[in-house]
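Chain residues, written in single-letter form:
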Amino acid sequence: MSAPPVSVPPVSGAGHPQPMSGPPGVVPPYGPGGYGPPAGTPAGAGRGRTALVLGLVAGLLVVLSGVMTTLYVTTNSKLTKAEQQVSQRDGTISANQREIDRLKGEMKTVQERLADTEQDLTGTKNDRDEQARQKKVIGDCLNKLTAALAAASRNDKAAFEAANKGLDKVCNEAENYL
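In this report, we go over the structure that sits alongside the text. Please read all numbers here as calculations on a predicted model, not as lab measurements.

Next up on the list: the overall build of the protein chain. Each helix and strand in the protein chain was counted, giving three helices and zero strands. Its helices and strands in sequence order give the protein chain the pattern α-α-α, from N to C terminus. Taking all 178 residues of the protein chain together, 5% fall into the buried category. Put simply, 44% of the contacts in the protein chain that link residues at least 6 apart link residues at least 24 apart.

Residues Val 53, Val 57, Leu 61, Val 63, Leu 64, Val 67, Met 68 and Leu 71 make up a contiguous nonpolar surface patch of about 720 Å² in total accessible area. For Val 53, the location among the structural elements is in helix α1 (residues 45–153).

Right, let's get into the nonpolar core. With five residues, the main nonpolar core is built from Val 137, Cys 141, Leu 167, Cys 171 and Ala 174. Looking at this core, the elements that each hand over two or more residues are α1 and α3 (167–177). It is α3 that provides the largest number of residues to this core, a total of three residues.

Let's shift gears to unusual backbone geometry. Here the phi dihedral of Asn 155 falls at roughly 60°; this positive angle occurs in a residue that is not glycine. One can find Asn 155 in the loop between α1 and α2 (157–164).

Cut-offs and rules
Residue indices follow the written sequence of each chain, beginning from 1 at its first position. Given that this is a predicted model, residues contribute local features only at a pLDDT of at least 70 and side-chain atom pairs are listed and counted only at 80 or more, while totals for whole chains, interfaces and linings are drawn from all residues. For the side-chain quantities, the full set of heavy atoms in the structure was used; hydrogens and water were omitted. We count a stretch as a helix when DSSP gives it H or I for four or more residues in a row; a strand needs E for two or more, and each element gets its number in order from the N terminus. Exposure categories follow from relative accessible area, calculated using a 1.4 Å probe and restricted to protein chains: below 20% of the type maximum is buried, above 50% is exposed, and the middle band is partly exposed. Contacts are assigned to residue pairs that have any heavy atoms within 4.5 Å of one another. Residues enter patches when their relative accessible area tops 30% and they take part in no salt bridge; the joining distance is 9 Å for like charges and 5 Å for the nonpolar side chains Val, Leu, Ile, Met, Phe, Trp and Tyr. Working definition of accessibility: Shrake-Rupley area with a 1.4 Å probe, residue cover restricted to the visible protein chains. Each reported salt bridge corresponds to a side-chain nitrogen of Lys or Arg within 4 Å of a carboxyl oxygen of Asp or Glu. What makes a nonpolar core is a set of buried Ala, Val, Leu, Ile, Met, Phe, Trp, Tyr and Cys residues whose side-chain atoms join them at distances within 4.5 Å.

Okay, here's the thing in structure tokens:
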């Protein structure tokens, strides 16, 4: 049987060369084109600045996301309230419109009844005026007839002729009304 694999710690020293990624004696490039801090910077100084900048950017992003979330929530809340108000107002407007239409119908009915009443009133007024005229014609006939009879009883032929003048015309018209 075989034993499980075991890793061996790296060995350094005179007999063992250090691993390299390039030819011996060449300093690997650092700075903008290479990997790591620029040449002449102490080891670890670039990492501290990068971490600080990344920390500040992350902090700004957290604050910005908090502000944006707050703005979204408040705006969404206001929008929901505004939509509810618009919905209520639309309901009120449609209810008012139905009420206006109903009242317009009632008003039209009342106007028609008023027109009928005015027509009836005009007819009644015309009837009253006609009856007053007929009463006057009948009264004129009776007055002329009374005057003619009075003149005949006094044997006043001239007064009788004057009262009798036009008596037939007035009394014939009055006879139509009786």
